[in-house]
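Structural overview
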Amino acid sequence: NLRIEWSNSVSQLLNRNAHSVLVTLIFPTFDGYTSKNIGPPYQVDISDYENVLLPKGFKLLTSFQANTSIKPRKGRETIAVWKYE
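The rules we used
Residues numbered from 1 in each chain as written. Predicted model: local features only at pLDDT ≥ 70, side-chain atom pairs only at ≥ 80, totals over all residues. Heavy atoms only, no water. Helix = DSSP H or I, 4+ residues; strand = E, 2+ residues; numbered from the N terminus. Expected span 1.5 Å × (residues − 1). Buried < 20%, exposed > 50% of the residue type's maximum accessible area, 1.4 Å probe, protein only. Arc of directions from axis to C-beta. Contact = heavy atoms within 4.5 Å. Polar contact = N/O pair within 3.5 Å; in protein donor to acceptor, adjacent residues only side chain to side chain.

1. Things to note about helix α1 (residues 2-13)
Between its first and last C-alpha atoms α1 spans 17 Å; for 12 residues at 1.5 Å apiece the expected length is 16 Å, and the two agree. When α1 is considered as a whole, its buried residues turn out to be Ser7, Val10 and Ser11. Each buried residue of α1 sits inside an arc of 95° when the element is viewed along its axis, so together they form one side. For α1, exposure combined with an orientation more than 90 degrees from the buried face picks out Leu2, Gln12 and Leu13. Along its buried surface, α1 packs onto β1 (21-26), α2 (46-53), β2 (58-65) and β3 (78-84). At the N-terminal boundary of α1, the capping side chain belongs to Asn1, with an oxygen 2.7 Å from the backbone nitrogen of Arg3.

The following block contains the structure:
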């Protein structure tokens, strides 16, 4: 799973002692209607990131829908901020 490899890399790059944060742009966010198996790009949601980041020691601080997206991506991008503890 590429997300697991990504979370391993990110956790190795960041320093827990420095209280590092990770900002992720999640795209395309799951719309609840289209199958998550249709793609690429494959739809994702915050839980896909939680599943690989929480076990590595990340805590979700906040997430919100991006408000400066280009028109084709409007409403389909989420920004999430994680603290590495």
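More follows now that the structure is in view.
2. Here we look at the environment of Arg16
Along the polypeptide, Arg16 turns up in the loop between α1 and β1. Measuring from C-alpha to C-alpha, the distance between Arg16 and Glu85 comes to 5.4 Å, with 69 residues separating the pair along the chain. Leaving out residues up to four positions away in the same chain, Arg16 has contacts with Lys56, Gly57, Tyr84 and Glu85. Here Lys56 takes part through its backbone oxygen, which lies 2.8 Å from a polar atom of the side chain of Arg16. For Arg16, the side chain forms a polar contact with the main-chain oxygen of Glu85, separated by 3.0 Å.

Functional significance is not addressed by these values, which are geometric in nature.
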